[in-house]
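Take a look at the letters that make up each chain.
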Amino acid sequence: MQTESALLFNRSDVQKLLSLAECIDAVEKAFQRQGEGKIPPSGILGVRTQTGGLHVKTACLSGAKKYIVAKLNTNFPQNYACFGRPTIQGVIVLYDADNGRLLAVLDSMEITIERTAAATAVAAKYLARQNSSVATICGCGEQAGAQLRALCLILSLRKVYAFDIDSSASLRLAAQLARELPIDIEAIRSLPGAIRSSDVVVTCTPARAFFVHKEDVAPGTFIAAVGADDSQKNEIDPALLASAKVVADSLQQVCSIGD
């Protein structure tokens, strides 16, 4: 749908227009350009409430066309259980960087989900062992499915362990993805053994106390620590972080936000 001055995209519009493979390619190119100093680091601002919060992320892109973009997302981890609503809701606003004209307003949910999963896939492309075949996903909300779909575009996974403190969520994810991905997906109730046998571990939870312990992680394991997106959250044992090779997209942000 088009207004006089801007395009409006709802979530279904974004789903139709953006594939996960395209998103992975775009994220890889953006990381490369940022690493080369061709685009500035993104900015972030946030406020919290007792049950959630709002974060604002901004960035700009220069090239043949120049854009400024702002993403405004609320994050309320108990939404599904309490209200039957998604954890993350928000909008993305796109401007012309030459004159500030509003170009588009987009529902942010699908882009947020795919972009987050794409970042994991890009990291796995360069940091995971290329023969990686076993993965554990910690946290089985909507982000978990996107993470596994993205990893399957990069790695030849044959076995996935799905863990969530809500066992119904892991069972639901396993049943859903078993119908669409050619891999064995098992919902589990105990995490340490699964991590020990995995080549890849993805954490996408709202946890405030770490649950991935150093002694459970074998040398060479690739961990995508996704969930700790503010200073109150924590998924990874500090002793593990201190002994591991840590690769960050924005060093400034990860030094102040979560893991």
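Residues numbered from 1 in each chain as written. Predicted model: local features only at pLDDT ≥ 70, side-chain atom pairs only at ≥ 80, totals over all residues. Heavy atoms only, no water.

(A) Summary view of the packing of helix H5 (residues 142-152) against helix H6 (residues 167-178). It is the contact of H5 with H6, at a shortest axis distance of 10 Å, that shows an interaxial angle of 40°. As far as their axial angle goes, H6 and H5 are oblique. Considering the relative orientation of H5 and H6, their crossing is right-handed. Here Ala 144, Gly 145, Leu 148 and Arg 149 of H5 lie close against H6, whose contacting residues are Leu 173, Gln 176 and Leu 177. Residues belonging to the contact of H5 with H6 are distributed by class as follows: four nonpolar, two polar and one charged. (Axes fitted to C-alpha atoms, helices over the stretch in contact; angles between N-to-C directions. Helix = DSSP H or I, 4+ residues; strand = E, 2+ residues; numbered from the N terminus. Parallel < 35°, antiparallel > 145°, perpendicular 65-115°, else oblique. Left-handed = near helix turned anticlockwise from the far one by under 90°. Contact = heavy atoms within 4.5 Å. Nonpolar A, V, L, I, M, F, W, Y, C, P; charged D, E, K, R; others polar.)

(B) Inspection of the pattern of salt bridges at higher detail. This model, assessed by the stated rule, comprises eleven salt bridges. With a closest N to O distance of 2.6 Å, Arg 11 and Glu 142 form a salt bridge. Note that Arg 11 is positioned in helix H1 (residues 11-17) and Glu 142 in helix H5, a separation of 131 residues in sequence. (Salt bridge = Lys/Arg side-chain N within 4 Å of Asp/Glu carboxyl O.)

(C) Seen up close, the environment of Ile 195. Mapped onto the fold, Ile 195 is located in helix H7 (residues 192-196). Separated by 34 residues in sequence, Ile 195 and Tyr 161 place their C-alpha atoms 8.7 Å apart. Dropping the residues within four chain positions of it, Ile 195 is found in contact with Thr 136, Val 201, Val 212, Asp 216 and Val 217.

(D) Local environment of the nonpolar core. Counting 24 residues, the largest nonpolar core has Ile 137, Val 160, Leu 173 and Val 200 as the members making the most contacts within it. Counting residues per element, the ones that place at least two in this core are strand S7 (134-138), H5, strand S8 (159-163), H6, strand S10 (200-203) and strand S11 (222-225). It is H6 that provides the largest number of residues to this core, a total of four residues. Filtering out sequence-adjacent residues up to four positions away, Leu 173 remains in contact with Ile 137, Cys 140, Ala 144, Gly 145, Leu 148 and Ala 162. Counting residues in each nonpolar core, the second largest holds 15 residues, with Ile 188, Leu 191, Ile 195 and Val 212 among its members. (Core = buried A, V, L, I, M, F, W, Y, C linked by side-chain atoms within 4.5 Å. Buried < 20%, exposed > 50% of the residue type's maximum accessible area, 1.4 Å probe, protein only.)

(E) Expanded view of the environment of Val 160. Tracing the chain through its elements places Val 160 in strand S8. Residues Val 160 and Ser 133, spaced 27 residues apart in sequence, show a C-alpha to C-alpha distance of 8.5 Å. Filtering out sequence-adjacent residues up to four positions away, Val 160 remains in contact with Ala 135, Ile 137, Leu 148, Ile 183, Asp 184, Ile 185 and Glu 186.

(F) A look at the side chain of Lys 159. Relative to the elements of secondary structure, Lys 159 occurs in strand S8. Of the polar contacts made by the side chain of Lys 159, one reaches the side chain of Asp 184; its length is 2.8 Å. (Polar contact = N/O pair within 3.5 Å; in protein donor to acceptor, adjacent residues only side chain to side chain.)

(G) Summary view of a nonpolar patch on the surface. Taken together, the side chains of Val 47, Leu 54, Leu 72 and Val 91 present a nonpolar region at the surface, about 280 Å² in accessible area. By relative accessible area, which is 31% here, Leu 54 ends up partly exposed. (Patch = residues over 30% accessible without salt bridge, like charges linked within 9 Å, V, L, I, M, F, W, Y side chains within 5 Å. Areas by Shrake-Rupley, 256 points an atom, 1.4 Å probe, with all protein chains shown as cover.)

(H) Here's a closer look at the sheet that holds S8. In spatial order, the strands read S9-S8-S7-S10-S11; together these five strands make up an open sheet with parallel pairing. With one partner strand each, in any of the chains shown, strand S9 (184-188) and S11 form the two edges of the open sheet. Adjacent strand axes in the sheet meet at a mean angle of 15° when their direction is disregarded. Judged from the five bridges that link them, S8 and S9 form a sheet pairing that is parallel. Residue pairing across strands places Ala 162 opposite Ala 187, the latter belonging to S9. (Pairing = 2+ DSSP bridges.)

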